Amino acid sequence: MLHITLRQLHVFEAVSRHLSYSRAAETLHLSQPAVSMQIKQLEESAGVPLFEQLGKKIYLTEVGKEFQQYCRNILQQLTDAESMLADFKGMSGKLSICVASTASYFTPYLLAEFCRRHPQTRVSLSVTNREIVLQRLTNNEMDMAIMGRPPENLDLDATPFMDNRLAIIAPTNHPLANEHDIPLSRLAKETFLVREQGSGTRITVERFFAERGIALTTGTEMSTNEAIKQAVQAGMGLGILSLHTVLLELETRRLTVLDVQNFPIQRHWYVVHRKGKRLSTVAQTFKDFLLEGVELLGDQVNAEHDKEYPANL
Ligand code: PGA
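Being a predicted model, the structure only gives us computed values, none of them experimental.

Caption draft 1: Just the site of the ligand, in detail. As a structural note, the neighbourhood of the ligand is formed by Ala100, Ser101, Thr102, Asn129, Arg130, Gly148, Arg195, Ser199, Gly200, Thr201, Arg267 and Trp269. Note that an oxygen atom of the ligand is positioned 2.7 Å from one of the side-chain N or O atoms of serine 101. Here the ligand, which alone exposes 280 Å², has 100% of that area covered by the protein. Within the residue set of the shell around the ligand, elements represented by two or more residues are helix 7 (200–211) and strand 11 (265–274).

Right, here's the structure in full:
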């Protein structure tokens, strides 16, 4: 095992750059004998000469040249580590979040506002379904996640910060579109398009109907909210989706929300991370920002929040 010190590496780097003990001593604010001593000790530990003196000049030996490369790499890594640590402590670090696919309909608005407030922050956003979000949380692969209710059996810190309402979506020309207070039993005759296994929306829907003893007729399974929206518009069946996902279609009247008893299903969005996780300054600031409340956030988010569904449709 090579016994060398960081100080020796710094001295070696300076001497090899200037090819002069006196210039290196000047740059490092050391005496020339101190520099020579460090190089001597380094060469002893290395077991090979790193410099050679020919006439009045010093040169790197062949092995010295190779060692110079390693030395630069090591010192560069140290500089990188230093700036990473500084980033962790300040707002110029990276925020890495993972969101359930449904949350991707509002998360960009939150991030846009957050980045306006903290322009030096870099963000990495990964969008996937609930199951994968949970896997990544378990593996501690990101700062935090935004998801629907997380399971209680995992060691997670989960705080609700926004409402999430699930409604029954139909094409505007659907026979039930103009009816009010539709009993759940009427839905038995309808076909429902469902999200894939592992989706939080799917779990919620299945639980909701199972608790009420109603068996849903499920049609095609689709892995994105977008596909379900298109399929509902195309008349393939009804969908049960978070209202966040259909704002535009409701506004442009391509889709409508059915006025069904016990709907919308009231849920929440949670900001989630492993219990005991040491959040970076950026991550903690983002979490605080979410918990400040949706009323402080962008209009796009509030627009959905303020609306009464389905009464004003
Ligand atoms: P998802 O949404 O259906 O996109 O996984 C998560 C959730 O609503 O819990």
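Caption draft 2: Region of the structure containing helix 4 (residues 62–89). With 28 residues, helix 4 should cover 40 Å at 1.5 Å per step; its first-to-last C-alpha distance of 42 Å lies within 8% of that length. Looking at the buried side of helix 4, the elements it contacts are helix 1 (6–18), helix 3 (32–46) and strand 2 (57–60).

Caption draft 3: Broad picture of the packing of aromatic side chains. Under the counting rule described, the total for this entry stands at 11 aromatic pairs. Taking the centre distance of 6.3 Å and the plane angle of 35 degrees together, the rings of phenylalanine 209 and phenylalanine 263 count as tilted. In this pair, phenylalanine 209 sits in helix 7 while phenylalanine 263 sits in the loop between strand 10 (255–257) and strand 11, placing the two residues 54 residues apart along the sequence. Given a relative accessible area of 2%, phenylalanine 209 falls into the buried group.

Caption draft 4: Summary view of unusual backbone geometry. For the bond from phenylalanine 263 to proline 264, the omega torsion is 0 degrees, close enough to zero to count as cis. Structurally, proline 264 can be placed in the loop between strand 10 and strand 11. With a phi close to 50 degrees, leucine 19 is a non-glycine residue in the positive phi region. Assessed through its relative accessible area of 36%, leucine 19 is described here as partly exposed. Unlike most non-glycine residues, aspartate 181 shows phi in positive territory, near 55 degrees. Assignment of secondary structure puts aspartate 181 in the loop between strand 6 (156–171) and strand 7 (191–195).

Caption draft 5: Structural context of the nonpolar core. Membership of the largest hydrophobic core comes to 21 residues, with the highest contact counts inside it found for Leu95, Phe106, Ile146, Phe161, Phe286 and Leu290. Contributions of two or more residues to this core are made by strand 3 (94–100), helix 5 (107–117), strand 5 (144–147), strand 6, strand 11 and helix 10 (281–291). In terms of residue count, the dominant contributor to this core is helix 10 (five residues). Apart from the residues lying within four places of it in its own chain, the contact partners of leucine 290 are Leu110, Ile146, Phe161 and Val271. By size, the runner-up hydrophobic cluster in this structure holds 20 residues, among which are Ile168, Ile214, Leu258 and Val260.

Caption draft 6: Spatial organisation of helix 10. Burial in helix 10 covers these residues: Val282, Ala283, Phe286, Lys287, Phe289 and Leu290. Taken around the axis of helix 10, the buried residues stretch over an arc of 160 degrees, which confines them to a single face. Contacts made by the buried residues of helix 10 are with strand 3, helix 5, strand 5, strand 6 and strand 11.

Caption draft 7: Focus on the domain arrangement of the chain. Taken domain by domain, the chain holds domain 1 (6–85), domain 2 (93–162 + 268–304) and domain 3 (164–267). Computed over C-alpha atoms only, the centres of domain 2 and domain 3 are separated by 26 Å. The interface of domain 2 with domain 3 comprises 14 residues on the first partner and 19 residues on the second. Each partner contributes to the roughly 1,400 Å² buried at the junction of domain 2 and domain 3, and carbon and sulfur atoms together form 49% of this total. The interface formed by domain 2 and domain 3 contains seven residue pairs in polar contact (both at pLDDT 80 or more). Mapped onto the side of domain 2 that touches domain 3, the elements with two or more residues apiece are helix 6 (130–138), strand 11 and helix 11 (299–306). Within the side of domain 2 that touches domain 3, the residues separate by chemical class into four nonpolar, six polar and four charged.

Caption draft 8: Representation of the confidence of the model for the chain. Of all residues in the chain, 93% have pLDDT values of 70 or greater, and the mean over the chain is 90. Contacts of residues 298–302 to residues separated by more than four positions or lying in other chains number 10 contacts, the stretch itself having pLDDT below 50. The model gives residues 309–313 a pLDDT under 50, and that stretch makes 14 contacts with residues more than four places away or in other chains.

Caption draft 9: Just the side chain of threonine 128, in detail. As for its placement among the helices and strands, threonine 128 is situated in strand 4 (residues 122–128). Assessed through its relative accessible area of 15%, threonine 128 is described here as buried. If we ignore the near neighbours within four places in the chain, the residues touching threonine 128 are Cys98, Val99, Ala100, Ser101, Val133 and Arg136.

Caption draft 10: Representation of the pairing of strand 7 in the model. Across the five residues that make up strand 7, a large majority, four, are buried. Summarising the sheet, strand 7 and strand 8 (residues 217–222) pair through four bridges and their orientation is parallel. Each residue of the ladder has a partner; that of arginine 195, found in strand 8, is methionine 222. Handedness of the crossover joining strand 7 and strand 8 through helix 7 is recorded here as right-handed. One ladder, built from two bridges, connects strand 7 with strand 9 (residues 238–242); its direction is parallel.

What counts and how
Residues numbered from 1 in each chain as written. Predicted model: local features only at pLDDT ≥ 70, side-chain atom pairs only at ≥ 80, totals over all residues. Heavy atoms only, no water. Near = heavy atom within 4 Å. Polar contact = N/O pair within 3.5 Å; in protein donor to acceptor, adjacent residues only side chain to side chain. Areas by Shrake-Rupley, 256 points an atom, 1.4 Å probe, with all protein chains shown as cover. Helix = DSSP H or I, 4+ residues; strand = E, 2+ residues; numbered from the N terminus. Expected span 1.5 Å × (residues − 1). Contact = heavy atoms within 4.5 Å. Phe/Tyr/Trp six-rings, centres within 6.5 Å; stacked < 30°, edge-to-face > 60°. Buried < 20%, exposed > 50% of the residue type's maximum accessible area, 1.4 Å probe, protein only. Core = buried A, V, L, I, M, F, W, Y, C linked by side-chain atoms within 4.5 Å. Arc of directions from axis to C-beta. Domains from an automatic or database assignment. Buried area = accessible area lost by both parts, 1.4 Å probe. Nonpolar A, V, L, I, M, F, W, Y, C, P; charged D, E, K, R; others polar. pLDDT = per-residue confidence, 0-100. Pairing = 2+ DSSP bridges. Right-handed = clockwise from strand over helix to strand, strands pointing away.

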